[in-house]
Amino acid sequence: MSVHVEVKRMTVPQLRACKGQRKIVALTAHNVSTARIIDDYLDFVLIGDSTAMVAYGLPNTLSFTLEQAGQHTAAVVRGTRHACVVADMPFGSYQESPAQAFRSAAYLVGMGADAVKLEGGEVMADTVEYLVRRGIPVLAHVGLMPQYVNAMGGYLAQGKTPEAAAVILADAKALERAGAFGVVLEGVIEALGAEITAQVTIPTIGIGASPACDGQILVTEDMLGLSGERVPKFVKRYVNLEEIMRHAVERYADEVRAGKFPETQHCFGTKRP
Ligand code: KIV
């Protein structure tokens, strides 16, 4: 007999309806154990292409593949029951044409994603419309776009001049018109984050943007203190898990070396047969 466990996830229309009602809370995840722990507290979980850096130790997000995104998405889906699951479209999996984007997005939806996220401003509006009209909800991403790191010359805050800010605002509006259900604003000056939030009817999700955004997202390893010593300015570390893990592993190593672990209660059947 199979037992059917009903999964009632946050839906994309519910996320969209949060605008003006309450803040949206999101984090990244790429494995089942983390996803299981953070799920209860989130509206959506993102399988970010930052997985390339935090899980694979790569220098940037550019070599994250569609297959990796798919496998990590499936793991996060298995670890969650509540949060809406949004999968990042890897660099090179959607920029060529709307049809290429649809194939890639359909693969991620097939792996369990409820929606996809892609980077790019007005230039991606046609692609967003193509996906949305074919049933794939899209979360847009403007401002600092890590997939454009080579073109931008580094991970630099965006929208610092009135002209640059106007372009990012126009990008957000174009993506809203194209049907995106929300837009991530990354690394933009605070006033611009607030202005875009006021001017679009879809939720804005800030990361290094503004407290005025309709929601916030962080990379989980950053806020848990698992991503090394360099902490980006926009990250708040809520705990130093590295310190806690080091302490636990040191105790384990000491006890194994001293013959103190395992103890009787960790062994099966202490009497010889
Ligand atoms: O990949 C990522 O981590 C992101 C951020 C916006 C959270 O895209």
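Look above for the structure.
Source: prediction; values computed, not measured.

Examining the sheet that holds strand β2 (residues 44-47)
Part 1 of the argument: Within the closed barrel, the eight strands sit side by side as β1-β2-β3-β4-β5-β6-β7-β8. Their pairing is parallel. Here the average twist between neighbouring strands, direction ignored, is 25°.
Part 2 of the argument: Relative to strand β7 (residues 204-207), strand β6 (residues 182-186) is paired through four bridges, and the arrangement is parallel. Across the sheet, the residue bridging to Glu 186 is Ile 207, located in β7.
Part 3 of the argument: Helix α6 (residues 125-133) rests against β4 (115-119) and β5 (138-143) of the sheet, and its axis sits at about 175° to β4.

Digging into the packing of helix α5 (residues 98-110) against α6
Part 1 of the argument: Look at α5 against α6: their axes get within 9 Å of each other, and the N-to-C directions meet at 50°. Taken as axis vectors, α5 and α6 run oblique relative to one another. Relative to α6, the crossing made by α5 is right-handed. Contacts from Pro 98, Ala 99, Ala 101, Phe 102 and Ala 105 in α5 reach Thr 127, Tyr 130 and Leu 131 in α6.
Part 2 of the argument: Looking at side-chain class alone, the contact of α5 with α6 contains seven nonpolar, one polar and no charged residues.

A few points about the state of the cysteines
Part 1 of the argument: Counted under the stated rule, the structure contains zero disulfides.
Part 2 of the argument: Free cysteine Cys 84: the closest other cysteine sulfur is in Cys 18, separated by 10 Å.
Part 3 of the argument: With no disulfide of its own, Cys 213 lies closest to Cys 18 among cysteine sulfurs, the gap being 14 Å.
Part 4 of the argument: Look at Cys 213 and you get buried, because its relative accessible area is 0%.

Brief notes about the packing of aromatic side chains
Part 1 of the argument: Applying the stated criterion to the full structure yields one aromatic pair.
Part 2 of the argument: Each ring, one from Tyr 252 and one from Phe 261, has its centre 6.0 Å from the other, and the planes form 65°; the classification is edge-to-face.
Part 3 of the argument: Using a relative accessible area of 32% as the deciding quantity, one classes Phe 261 as partly exposed.
Part 4 of the argument: The ring of Tyr 130 carries the charged tip of Arg 134 above its face, separated from the ring centre by 3.6 Å.

Description of the nonpolar core
Part 1 of the argument: Of all hydrophobic cores here, the largest spans 37 residues; its most connected members are Met 89, Leu 108, Val 116, Leu 118, Leu 131, Leu 185 and Ile 196.
Part 2 of the argument: Taken together, the elements giving at least two residues each to this core come down to α4 (66-79), α5, β4, α6, β5, α8 (162-178), β6 and α9 (190-199).
Part 3 of the argument: Non-local contacts of Val 116, meaning those with residues more than four positions away in its chain, are made with Val 86, Ala 87, Met 89, Ala 105, Leu 108, Leu 131, Ile 136, Pro 137, Val 138 and Leu 139.
Part 4 of the argument: In terms of nonpolar packing, the next biggest core, distinct from the first, is built from 17 residues, Phe 44, Leu 46, Ala 115 and Ile 217 among them.

Side note on the site of the ligand
Part 1 of the argument: Lining the immediate surroundings of the ligand are Thr 28, Leu 46, Gly 48, Asp 49, Ser 50, Asp 88, Lys 117, His 141, Val 184, Glu 186, Ile 207 and Val 219.
Part 2 of the argument: Here an oxygen atom of the ligand and a side-chain polar atom of Asp 49 are 3.0 Å apart.
Part 3 of the argument: Between Ser 50 and the ligand, the recorded distance is 2.5 Å, taken from a side-chain N or O atom to an oxygen atom.
Part 4 of the argument: Bound to the protein, the ligand loses 96% of the 250 Å² it would expose on its own.
Part 5 of the argument: Class assignment for the residues of the shell around the ligand results in four nonpolar, four polar and four charged.

Things to note about the pattern of salt bridges
Part 1 of the argument: Under the defined criterion, the tally for this structure stands at five salt bridges.
Part 2 of the argument: The salt bridge involving Lys 19 is made with Asp 214; its shortest N-O contact spans 2.8 Å. Note that Lys 19 is positioned in the loop between α1 (12-16) and β1 (24-28) and Asp 214 in the loop between β7 and β8 (215-218), a separation of 195 residues in sequence. A single burial state applies to Lys 19 and to Asp 214, both of which are buried.
Part 3 of the argument: In this structure, Asp 43 and Arg 22 form a salt bridge, with 2.9 Å as the shortest nitrogen-oxygen distance. With a gap of 21 residues between them, Asp 43 in the loop between α2 (32-38) and β2 and Arg 22 in the loop between α1 and β1 connect regions that are remote in the sequence.
Part 4 of the argument: Using a relative accessible area of 41% as the deciding quantity, one classes Arg 22 as partly exposed.

Concerning a nonpolar patch on the surface
Part 1 of the argument: A surface patch of nonpolar side chains, amounting to about 230 Å² of accessible area, comprises Met 53, Val 54 and Tyr 155.
Part 2 of the argument: In this structure, Val 54 sits in helix α3 (residues 51-54).
Part 3 of the argument: We classify Val 54 as partly exposed; its relative accessible area is 32%.

Quick notes on the packing of α8 against α9
Between two packed helices, both the angle of their axes relative to each other and the distance between the axes serve to describe the pair.
Part 1 of the argument: Between α8 and α9, the least distance of the axes is 10 Å, while the angle of their chain directions is 30°. When the axes of α8 and α9 are compared, the pair comes out roughly parallel. As α8 packs across α9, the resulting crossing turns out to be right-handed. Within the contact between the two elements, α8 uses Ala 165, Ile 168, Leu 169, Ala 172, Lys 173 and Glu 176 and α9 uses Leu 192, Glu 195, Ile 196 and Gln 199.
Part 2 of the argument: Per-class residue counts for the contact of α8 with α9 are six nonpolar, one polar and three charged.

What counts, and at which threshold
- Residues numbered from 1 in each chain as written.
- Predicted model: local features only at pLDDT ≥ 70, side-chain atom pairs only at ≥ 80, totals over all residues.
- Heavy atoms only, no water.
- Pairing = 2+ DSSP bridges.
- Helix = DSSP H or I, 4+ residues; strand = E, 2+ residues; numbered from the N terminus.
- Axes fitted to C-alpha atoms, helices over the stretch in contact; angles between N-to-C directions.
- Contact = heavy atoms within 4.5 Å.
- Parallel < 35°, antiparallel > 145°, perpendicular 65-115°, else oblique.
- Left-handed = near helix turned anticlockwise from the far one by under 90°.
- Nonpolar A, V, L, I, M, F, W, Y, C, P; charged D, E, K, R; others polar.
- Disulfide = S-S within 2.5 Å.
- Buried < 20%, exposed > 50% of the residue type's maximum accessible area, 1.4 Å probe, protein only.
- Phe/Tyr/Trp six-rings, centres within 6.5 Å; stacked < 30°, edge-to-face > 60°.
- Lys NZ or Arg CZ within 6 Å of the ring centre and 35° of its normal.
- Core = buried A, V, L, I, M, F, W, Y, C linked by side-chain atoms within 4.5 Å.
- Near = heavy atom within 4 Å.
- Polar contact = N/O pair within 3.5 Å; in protein donor to acceptor, adjacent residues only side chain to side chain.
- Areas by Shrake-Rupley, 256 points an atom, 1.4 Å probe, with all protein chains shown as cover.
- Salt bridge = Lys/Arg side-chain N within 4 Å of Asp/Glu carboxyl O.
- Patch = residues over 30% accessible without salt bridge, like charges linked within 9 Å, V, L, I, M, F, W, Y side chains within 5 Å.

Geometric descriptors of this kind do not, in isolation, establish any biological role.
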